[in-house]
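Listed below, chain by chain, are the residues.
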Amino acid sequence: MARALINVPAQAKRGEIIEIKTLISHVMETGHRRTETGAPIARDIIRQFVCTYNGAEVFRAELHPAIAANPFLVFSTVATESGTLTFTWTGDNAFSVTESAAITVS
Amino acid sequence: MRLVWAALVGIVVAVAASAMAGEIPLGERRSGYDFMSRETRAMQDDDTANPGMLWVLEGESLWGRKVGVAGRACADCHGDARGSMKGVAARHPAFDAGTGRPVNLEQRINLCRVDRQQAPRLAWEGRDLLALTAYVARQSRGMPINGVVDQRMQAFLDAGRATFYRRQGQLNLACSQCHDDHWGRRLAGNVIPQGHPTGYPLYRLEWQGLGSLQRRLRNCMVGTRAEPYEYGGPEFVDLEVFLMWRARGMTIDSPAVRP
Amino acid sequence: MDRRAFLRTAGAGLGLVSIVAVRPAGATPERMQDAIRKVVGSSAVTPGRVKLELPPLSENGHAVPLTVSVESPMTEADHVRAVHVFTEINPLPAVAAFRFTPRSGRARVSTRVRLANTQTVVAIGELSDGSFWSDRATVVVTLAACLEGPL
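Not measured: the values here are computed from a predicted model.

Engineer: So what exactly am I meant to see when it comes to the overall build of chain C here?
Structural biologist: Within chain C one finds two helices and nine strands. Counted from the first residue to the last, chain C has its helices and strands arranged as α-α-β-β-β-β-β-β-β-β-β. Buried positions account for 37% of the 151 residues belonging to chain C. A sequence separation of at least 24 residues applies to 67% of the contacts in chain C between residues at least 6 apart.

Structure below.
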């Protein structure tokens with residue numbers, strides 16, 4: 001289920017620091033678990049999250065298995081200009097999800 | 001696991017000689033929400049942080065998807081769920097004339113799937129059924145639980161009540177012994193809630209995912225070393241009828257978050 | 001060697017019954033120190049400037065809310081480059097690395113982490129001047145009572 005919930009203010013004043021909340025569905029299988037018969041369950045996690053603002057990187061997170069399932073990240077950025085914020089999650093098994101949100105800065 | 005055993009045996013010993021405390025007075029009923037930590041409550045309160053909302057989002061997308069031989073979407077008959085589904089979760093399980101028994105929300109959805117959409121039933125605890133149930137239940141958020149218990153429902157309510165008060169499993173424990181008699185006390189580090197199903201389907205931190213009331217009841221039964229009932233079986237649905245009646249008037253807070 | 005003699009020798013050698021602390025493989029404070037050293041190199045790490053917020057008691061180790069922040073003007077000249085989070089007894093010491101830019105506005109992140117058991121979590125802040133700062137917090141993790149059986 002590659003669904004993401006993103007919360008970004010639609011509008012902001014130039015120079016204002018805005019808070020961004022992201023939530024994405026992902027099992028974040030640690031790779032430490034075993035099945036009932038003892039076979040190891042392979043790791044399957046989101047390894048990286050990048051936020052760009054009109055193409056420029058403003059925040060990045062490298063994630064390990066200790067990040068809880070359905071990763072939740074709250075971070076901030078300065079509202080510099082109107083445009084697009086892009087969010088990209090990548091990980092094991094060629095996992096790749098990109099979402100964007102528009103922002104109007106006045 | 002040893003901690004759990006010791007704690008449960010302790011309770012068994014403690015209640016063995018004492019009479020049952022009985023039903024919780026209506027005014028003293030509290031949602032499992034009240035027994036959670038501040039952090040877990042914050043997770044539920046914020047729709048942008050509540051992982052259950054991921055399933056609600058998925059359900060919203062499924063609502064509009066045409067399926068089955070009939071090529072119908074839920075939306076084709078029910079329109080905008082935000083209007084048409086208001087109050088539905090709050091009054092389920094409800095009596096279904098066709099089967100002559102109460103059906104819970106998941107069963108109601110599957111009845112529509114099979115009869116109206118001519119599509120195969122959705123599997124219990126499967127992703128799609130959970131998503132649709134979460135989406136429908138979300139539309140009852142803030143409303144009081146108000147299932148109708150009339151002549152037709154009475155026998156099923158009584159059967160559910162009997163299950164709630166019946167000792168079962170290797171630990172010979174009844175639901176009431178924890179949830180009527182010892183709510184508020186601790187079991188292996190967690191506070192025992194009163195057991196009202198106000199927030200289902202909910203995101204349980206222990207599951208790291210969303211699950212139904214029946215999944216949670218199965219956990220309880222495994223905890224007391226009883227053989228869990230089958231999903232959708234009459235024992236579970238009757239118990240749901242009783243639990244919703246026991247929680248009548250309490251507010252739906254789906255999709256909830258619980259430890 | 002008769003039985004009594006054997007026991008006397010064994011007793012003298014071992015003393016009383018020794019209690020061995022059992023930890024999951026690879027999960028030690030020493031491994032956490034190694035992981036931290038990989039990030040900071042030979043630089044000193046000074047406690048301070050980083051604020052790690054975790055609940056002192058967690059209802060479930062699967063999802064513990066964590067917030068980490070570093071006081072900083074976040075200008076080109078003076079900003080936080082990254083914050084690294086480590087745990088003492090999880091199977092792997094590293095939890096996450098958060099990389100900021102002056103455009104972040106604030107060096108502050110919130111997320112949810114998994115903690116295998118009651119333990120200490122450490123956050124290392126890396127500043128643009130190359131210095132490293134730290135904070136630590138201990139979380140008591142409780143276990144759920146009614147667990148999953150076969151689904």
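Engineer: When you look at the interface of chain C and chain B in this model, what are you seeing that I'm missing?
Structural biologist: When the parts of a complex come together, some accessible area is lost, and that lost area is often used as the size of the interface. With 15 residues of chain C at the interface, the matching set in chain B holds 22 residues. In terms of residue class, the side of chain C that touches chain B is made up of nine nonpolar, four polar and two charged.

Engineer: Even after reading the chapter, I still don't get the packing of helix H8 (residues 151–165) of chain B against helix H11 (residues 234–246) of chain B, so can you show me in this structure?
Structural biologist: If you want to describe how two helices pack, look at the angle between their axes and the distance between the axes. Residues and elements named next belong to chain B. Between H8 and H11, whose axes approach to 7 Å, the crossing angle comes to 95°. Viewed along their axes, H8 and H11 adopt a mutual orientation that is roughly perpendicular. Note on element contacts: H11 touches H8 through Glu235, Asp238, Leu239, Val241, Phe242 and Trp245, opposite Met153, Phe156, Leu157, Ala159, Gly160, Arg161, Thr163 and Phe164. For the contact of H8 with H11, the class distribution of residues is nine nonpolar, two polar and three charged.

Engineer: What should I look at first to understand the nonpolar core in this one?
Structural biologist: Taken as a class, soluble globular proteins show a tendency for nonpolar side chains to be buried jointly. If you look at the biggest cluster of nonpolar residues, it comprises 103 residues, and the most contacted ones within it are Ile67 of chain A, Ala134 and Val136 of chain B together with Val83, Val85, Val95 and Val113 of chain C. The greatest single-element share of this core, amounting to eight residues, is contributed by helix H7 (residues 127–138) of chain B. Counting residues domain by domain, this core receives three or more from each of domain 1 (2–46 + 145–258) and domain 2 (56–138) of chain B. Once residues within four sequence positions are removed from consideration, Val136 of chain B is found in contact with Ala81, Met85, Val88, Ala89 and Leu105 of chain B.

Engineer: Just to check I follow, could you spell out the environment of His32 of chain A for this structure?
Structural biologist: Residue and element names in this part refer to chain A. By the secondary structure assignment, His32 is in the loop between strand S3 (17–24) and strand S4 (46–53). Using a count of 14 C-beta atoms within 10 Å as the deciding quantity, one classes His32 as partly exposed. For the pair His32 and Ile46, spaced 14 residues apart in the sequence, the C-alpha separation amounts to 15 Å.

Engineer: Can you walk me through the domain arrangement of chain B in this structure?
Structural biologist: Residue and element names in this part refer to chain B. Each assigned domain of chain B is listed with its residue range as follows: domain 1 (2–46 + 145–258) and domain 2 (56–138). Once you take the C-alpha centre of each, domain 1 and domain 2 turn out to be 25 Å apart. In this complex, domain 1 contributes 22 residues to the contact, which on the side of domain 2 involves 21 residues. Elements supplying a minimum of two residues to the side of domain 1 that touches domain 2: H8, strand S6 (209–211) and H11. Take the side of domain 1 that touches domain 2: its biggest share by element is four residues, from H11.

Engineer: Can you help me understand the interface of chain A and chain C in this one?
Structural biologist: If you look at the interface, chain A gives 23 residues, while chain C gives 25 residues. Taken together, the elements giving at least two residues each to the side of chain A that touches chain C come down to strand S5 (56–63) and strand S6 (72–78) of chain A. For S5 of chain A and strand S6 (residues 94–100) of chain C, the ladder comprises five bridges, and the chain directions are antiparallel. Paired with Leu63 of chain A across the bridge in S6 of chain C is Ala96 of chain C.

Engineer: Looking at this structure, I do not really get the sheet that holds strand S5 (residues 202–204) of chain B. What am I missing?
Structural biologist: Each strand in a sheet pairs with another by means of backbone hydrogen bonds, the pair being arranged parallel or else antiparallel. Residue and element names in this part refer to chain B. With respect to topology, three strands assemble into an open sheet ordered S6-S5-S7, the strand pairing being mixed. Sheet topology places S6 and strand S7 (257–258) at the edges, where each strand pairs with a single neighbour. Pairing of S5 with S7 involves two bridges; the strand directions are parallel. Paired with Tyr203 across the strands is Val257, a residue of S7.

Engineer: Is there a simple way to explain unusual backbone geometry in this structure?
Structural biologist: Trans is the prevailing form of peptide bonds, just as negative phi is the prevailing case for residues other than glycine. Residue and element names in this part refer to chain B. Here the amide bond leading from Tyr200 into Pro201 is cis, since omega sits at -10°, within 30 degrees of zero. Positionally, Pro201 belongs in the loop between strand S4 (190–191) and S5. Residue Pro255 is bonded to the preceding Ser254 through a cis peptide linkage, with omega at -15°. Assignment of secondary structure puts Pro255 in the loop between H11 and S7. One non-glycine residue with positive phi stands out, namely Gln118, at about 50°. Checked against the element boundaries, Gln118 lands in the loop between helix H6 (105–115) and H7. In this structure Gln118 comes out as partly exposed when scored by C-beta crowding, with 13 C-beta atoms within 10 Å.

Criteria and thresholds
Residues numbered from 1 in each chain as written. Chains lettered and ligands numbered in written order. Predicted model: local features only at pLDDT ≥ 70, side-chain atom pairs only at ≥ 80, totals over all residues. Helix = DSSP H or I, 4+ residues; strand = E, 2+ residues; numbered from the N terminus. Buried ≥ 20, exposed ≤ 12 C-beta atoms within 10 Å, placed from the backbone. Contact = placed C-beta atoms within 7 Å. Nonpolar A, V, L, I, M, F, W, Y, C, P; charged D, E, K, R; others polar. Axes fitted to C-alpha atoms, helices over the stretch in contact; angles between N-to-C directions. Parallel < 35°, antiparallel > 145°, perpendicular 65-115°, else oblique. Core = buried A, V, L, I, M, F, W, Y, C linked by C-beta atoms within 7 Å. Domains from an automatic or database assignment. Pairing = 2+ DSSP bridges.

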